[in-house]
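Close look at the chain arrangement
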Amino acid sequence: MSLPTRVSIVEVGPRDGLQNEKQVLSVEDKVSLVNLLSDTGLQRIEAGSFVSPKWVPQMANSGDVFKQLHKKPGVRYAALTPNIKGLEAALEAGVDEVAIFGAASESFSQKNINCSISESLDRFEPVIAMAKAHHIPVRGYVSCVMGCPYEGHITPDAVAQVAKTLYDMGCYEISLGDTIGTGTPGATSALLDEVLKHLPVNVTAAHFHDTYGQALVNLYTALTYGVATIDSAISGLGGCPYAKGASGNVATEDVVYMLNGMAISSGVHMDKLLDTARFVQDLLGRPPISKVATALLNQ
Ligand code: HMG
Ligand code: MG
């Protein structure tokens, strides 16, 4: 077991979190949120997505968010772009990085992006080519890596195939999404035993939702494999509109608390995260769902 000494956190709250909120937040509020996150020490923030506004209305104002946010030097601001139309809008808005998102489950692929896995991979090819031509790095997501809301069990082999294909196509990093948070340490081990036969560990990221309260222990399991990139969302915001019951992403403050306790550096300041969690609480009119913010904000 060799734990990493440093972990890079990818904050996905403004995208994965807010895409699942009933209310659509204003550009101004989203910009304030992203700016607060930029001051916490986070160096990677997924600030929006360029998807169909009919499918995900919550993200329709992403272009203006990117144009108005205060870009902090050293912070990379990323967005989801499922197709060329999305990529063009993202480039116009000045994103630093884009992400394409595939799935290891056929049914989820259909529900989420309206095409099969193999059609999605064909569709991603020109997106990667155009992003590269603009010197924009492309991240690849694989959803449903430890279960699908429509198909149930997903084999690690199915995940590994999509992950390897996205990597071979030119994604510099592959984020493994436990979209519905059904994974356990056993499933995480089985997943990584297979996926890491095909992907270098230093390009592999863990994107775990906390629906069943397993995200931290699953992340700990991933750390023991050497995975050193973790996706999380401030206040445990999150979910996916096409995955019923997918509650929040693991909370950034919970991850940072765990990493601090293990002397693994992330460069993220807990006090600033808590200020941001308080801002989210006021914005959404409800307390954070994370354990750490609940404990520390009420002291
Ligand atoms: P489609 O309907 O098959 O696409 O949707 P289409 O090409 O036939 O276009 C239909 C309409 O959408 C047209 O408009 C297009 O212009 C428009 P109309 O002529 O009807 O007025 N359109 C767009 N508009 C804005 N931006 C675009 C865009 N593309 C088409 N980029 C599509 C296919 C992929 C677009 C759609 O299914 C979609 O937007 N899906 C997004 C779903 C989504 O955002 N899901 C959540 C993110 S994934 C996630 O949360 C999982 C993750 O967190 C990891 C994990 O947890 O596992 C990443
Ligand atoms: Mg997600």
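Please refer to the structure placed before this passage.
This text gives an overview of the structure that appears in the document. (Residues numbered from 1 in each chain as written. Chains lettered and ligands numbered in written order. Predicted model: local features only at pLDDT ≥ 70, side-chain atom pairs only at ≥ 80, totals over all residues. Heavy atoms only, no water.)

A look at the overall build of the protein
Scanning the protein for helices and strands turns up 12 helices and eight strands. On C-alpha atoms alone, the protein measures out to a radius of gyration of 17 Å, which is about the 19 Å that the 2.2 N^0.38 rule sets for 299 residues. Nonlocal contacts in the protein, meaning residues at least 24 apart in sequence, comprise 76% of its contacts between residues at least 6 apart. Averaging the locations of the 22 positively and 30 negatively charged side chains of the protein gives two centres separated by 2 Å. (Helix = DSSP H or I, 4+ residues; strand = E, 2+ residues; numbered from the N terminus. Rg over C-alpha atoms; globule rule 2.2 N^0.38 Å. Contact = heavy atoms within 4.5 Å. Lys, Arg positive; Asp, Glu negative; His and termini not counted. Charge placed at Lys NZ, Arg CZ, Asp CG, Glu CD.)

Thoughts on unusual backbone geometry
With phi around 65 degrees, N114 is a residue other than glycine that occupies positive phi space. Mapped onto the secondary structure, N114 falls in the loop between helix 5 (106-113) and helix 6 (117-133).

Focus on the sheet that holds strand 5 (residues 138-143)
Reading around the barrel, the eight strands line up as 1-2-3-4-5-6-7-8 and close back on themselves, with parallel pairing between neighbours. Along the sheet, successive strands turn relative to each other by an average axial angle of 25 degrees, direction set aside. Bridge analysis of strand 5 against strand 6 (residues 173-178) gives four bridges, and the strand direction is parallel. In the strand pairing of strand 6, R139 is matched with E173. In the packing of helix 10 (residues 252-261) onto the sheet, the strands contacted are strand 1 (8-11) and strand 8 (229-232), and the crossing angle to strand 1 comes to about 170 degrees. (Pairing = 2+ DSSP bridges. Axes fitted to C-alpha atoms, helices over the stretch in contact; angles between N-to-C directions.)

Description of the coordination of the magnesium ion (ligand 2)
Each pair of donors in an ideal octahedron of six around a metal sits at 90 or 180 degrees, and each pair in an ideal tetrahedron of four sits at 109.5 degrees. Bound to the magnesium ion (ligand 2) on the protein side are D16 (OD), H207 (NE2) and H209 (NE2), at distances that span 2.0 to 2.3 Å. Read in sequence order, the donor residues coordinating the magnesium ion (ligand 2) give the pattern D-x190-H-x1-H. With a gap of 191 residues between them, D16 in helix 1 (residues 13-17) and H207 in strand 7 (residues 204-208) connect regions that are remote in the sequence. Each member of the pair, D16 as well as H207, is classed as buried. (Donors = N, O, S within 2.8 Å, 3.2 Å for Na, K, Ca; no water. Buried < 20%, exposed > 50% of the residue type's maximum accessible area, 1.4 Å probe, protein only.)

Focus: helix 10
Since there are 3.6 residues in each turn of an α-helix, residues three or four apart along the chain are aligned in direction. Burial within helix 10 is extensive, with seven of its 10 residues counted as buried. Inspection of helix 10 places T252, E253, D254, V255, V256, M258 and L259 among the buried residues, and these make up the whole buried set. Where helix 10 ends, the next residue or the one after it, A263, has phi of about 55 degrees, a positive value.

Some words on the state of the cysteines
Per the stated rule, a full pass over the model turns up zero disulfides. Its sulfur unpaired, C115 is 14 Å from the next cysteine sulfur, which belongs to C144. Here C115 falls in the buried class, since its relative accessible area comes to 2%. (Disulfide = S-S within 2.5 Å.)

Regarding the pairing of strand 6
In terms of residue burial, strand 6 counts as a mostly covered element, since six of its six residues are buried. Assessed by its sense of winding, the connection that carries the chain from strand 5 through helix 7 (residues 156-169) to strand 6 is right-handed. Bridge count for strand 6 against strand 7 is five bridges, and the pairing is parallel. Across the sheet, I174 pairs through a bridge with T204, a residue of strand 7. The β-α-β motif built from strand 6, the intervening helix 8 (residues 185-195) and the parallel element strand 7 has right-handed crossover chirality. (Right-handed = clockwise from strand over helix to strand, strands pointing away.)

Points about the packing of aromatic side chains
Enumeration over the complete set of coordinates arrives at two aromatic pairs. Geometrically, the ring pair formed by F50 and F66 is tilted, given 5.8 Å between the ring centres and 35 degrees between the ring planes. Separated by 16 residues along the polypeptide, F50 in the loop between strand 2 (44-49) and helix 3 (62-68) and F66 in helix 3 bring together distant segments of the chain. Taking relative accessible area as the criterion, F50 reaches 10% and is therefore assigned buried. When the ring centre of Y150 is taken as reference, the NZ or CZ atom of K111 above it lies at 5.3 Å. Above the ring of Y141, the side-chain terminus of R139 is found at 5.2 Å from the ring centroid. (Phe/Tyr/Trp six-rings, centres within 6.5 Å; stacked < 30°, edge-to-face > 60°. Lys NZ or Arg CZ within 6 Å of the ring centre and 35° of its normal.)

Details of the nonpolar core
In terms of nonpolar packing, the biggest core is built from 94 residues, with F66, V142, V159 and L166 touching the most fellow members. Per-element tally for this core: the top contributor is helix 11 (residues 270-284), with seven residues. (Core = buried A, V, L, I, M, F, W, Y, C linked by side-chain atoms within 4.5 Å.)

Topic: the packing of helix 7 against helix 8
Where helix 7 meets helix 8, the axes come as close as 9 Å, and the angle between the chain directions of the two elements is 45 degrees. As judged from the angle between their axes, helix 7 and helix 8 are oblique. Two packed elements cross with a definite hand, and for helix 7 against helix 8 that hand is right-handed. Contact residues: helix 7 offers P156, D157, V159 and A160, while helix 8 offers A190, L191, E194 and V195. For the contact of helix 7 with helix 8, a count of residues per class yields six nonpolar, no polar and two charged. (Parallel < 35°, antiparallel > 145°, perpendicular 65-115°, else oblique. Left-handed = near helix turned anticlockwise from the far one by under 90°. Nonpolar A, V, L, I, M, F, W, Y, C, P; charged D, E, K, R; others polar.)

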